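Here are the chains, one letter per residue:
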Amino acid sequence: EEEDDDDIDGLSSSCRGHVHFASLPNMWDRTITVSSAGKTFSATGWQVGWCIAPSHLVSPIHQLLPYVQFCASTVIQEALARTLPRADEPYEGYDSYYEYLNSKYRRKRDLLGRALTEAGFAIQDYNATPGGGFFIFARITPELRAAIPPERLEAPFARNPAAPGGVARLDWALCQWMAE
């Protein structure tokens, strides 16, 4: 079985090139789509979500729920149930809350992307690739690597018990140097 974490309703599906996994041939019967109020409504403290799947996949989830240690309060579940239909209505000058949120996140992503590029990092071209996630993967360019003092890439700095595997990789060395 497959799990599809299209966790931000209306965001990943609005990205150019995004195909919802469950819409692929023969995948609806094998896909569980998981969503949450945390990301969709910027309400991470609510810790409440939902899944959409055919009944043969949802049934085992229902059997598991009584054994889950955490349970969202009834009030929060009711608030979410009332909020979901309203999210499709016009909001702040947009056709829906999802379009508003998508625009807001794109503006923030683009602002941070420009700042990272200006600082010497390389990032994806989000106009050419899907950009529906919350993460920007910045790569260290040769120019940025050259700015790191060479001794930071040698012993004793290269040997660091706190670094992954005890060796300060380039990303680790850059962060450690910048933090000092």
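The structure under discussion appears in the preceding block.
Residues numbered from 1 in each chain as written. Predicted model: local features only at pLDDT ≥ 70, side-chain atom pairs only at ≥ 80, totals over all residues. Heavy atoms only, no water.

**Q** Mind laying out the layout of surface pockets, listing which residues take part and the relevant values?
**A** Considering only enclosed or pocket space, the largest pocket measures out at about 680 Å³ in volume. If you go around the largest pocket, you meet 22 residues; those closest to its centre are Val-48, Gly-49, Trp-50, Cys-51 and Leu-65. Contributing elements (two or more residues each) for the lining of the largest pocket: strand E2 (31-36), strand E3 (49-52), helix H2 (55-64) and helix H3 (74-86). Its residues assigned to classes, the lining of the largest pocket shows 15 nonpolar, six polar and one charged. (1 Å grid on protein atoms, 1.4 Å probe; cavity = no way out; pocket = protein on both sides within 12 Å on 5 of 7 lines; lining within 4 Å. Points joined across faces, edges and corners; volume = space filled by probe spheres on them. Helix = DSSP H or I, 4+ residues; strand = E, 2+ residues; numbered from the N terminus. Nonpolar A, V, L, I, M, F, W, Y, C, P; charged D, E, K, R; others polar.)

**Q** Please give an account of the pattern of salt bridges that cites residues and values.
**A** For the structure on display, the rule yields four salt bridges. A salt bridge links Asp-110 to Arg-109, with the nearest nitrogen and oxygen atoms 2.9 Å apart. For Arg-152, the salt bridge goes to Glu-180, with nearest N and O atoms at 2.0 Å. Here Glu-180 lies in the segment after helix H6 (170-179) and Arg-152 lies in the loop between helix H5 (142-147) and H6, a separation of 28 residues in the sequence. On the basis of relative accessibility, which here comes to 11%, the residue Arg-152 falls in the buried class. (Salt bridge = Lys/Arg side-chain N within 4 Å of Asp/Glu carboxyl O. Buried < 20%, exposed > 50% of the residue type's maximum accessible area, 1.4 Å probe, protein only.)

**Q** Account for the packing of aromatic side chains, naming residues and giving values.
**A** Under the defined criterion, the tally for this structure stands at six aromatic pairs. Taking 6.2 Å as the distance between ring centres and 65° as the angle between the ring planes, the aromatic pair formed by Tyr-97 and Tyr-98 counts as edge-to-face. Between Tyr-97 and Tyr-100 the ring centres are 6.0 Å apart and the planes differ by 40°, which places this aromatic pair in the tilted class. Note that Tyr-97 and Tyr-100 are positioned in helix H4 (residues 97-118) at a spacing of three residues, about one turn of the helix. (Phe/Tyr/Trp six-rings, centres within 6.5 Å; stacked < 30°, edge-to-face > 60°.)

**Q** Let's hear about the pairing of E2: which residues, and what values?
**A** Regular strands have side chains that alternate between both faces of the sheet. Extensive coverage of E2 is indicated by the burial of five of its six residues. Sheet topology note: the E2/E3 ladder contains four bridges and is antiparallel. Note that in E3 the partner of Thr-33 across the bridge is Ile-52. (Pairing = 2+ DSSP bridges.)

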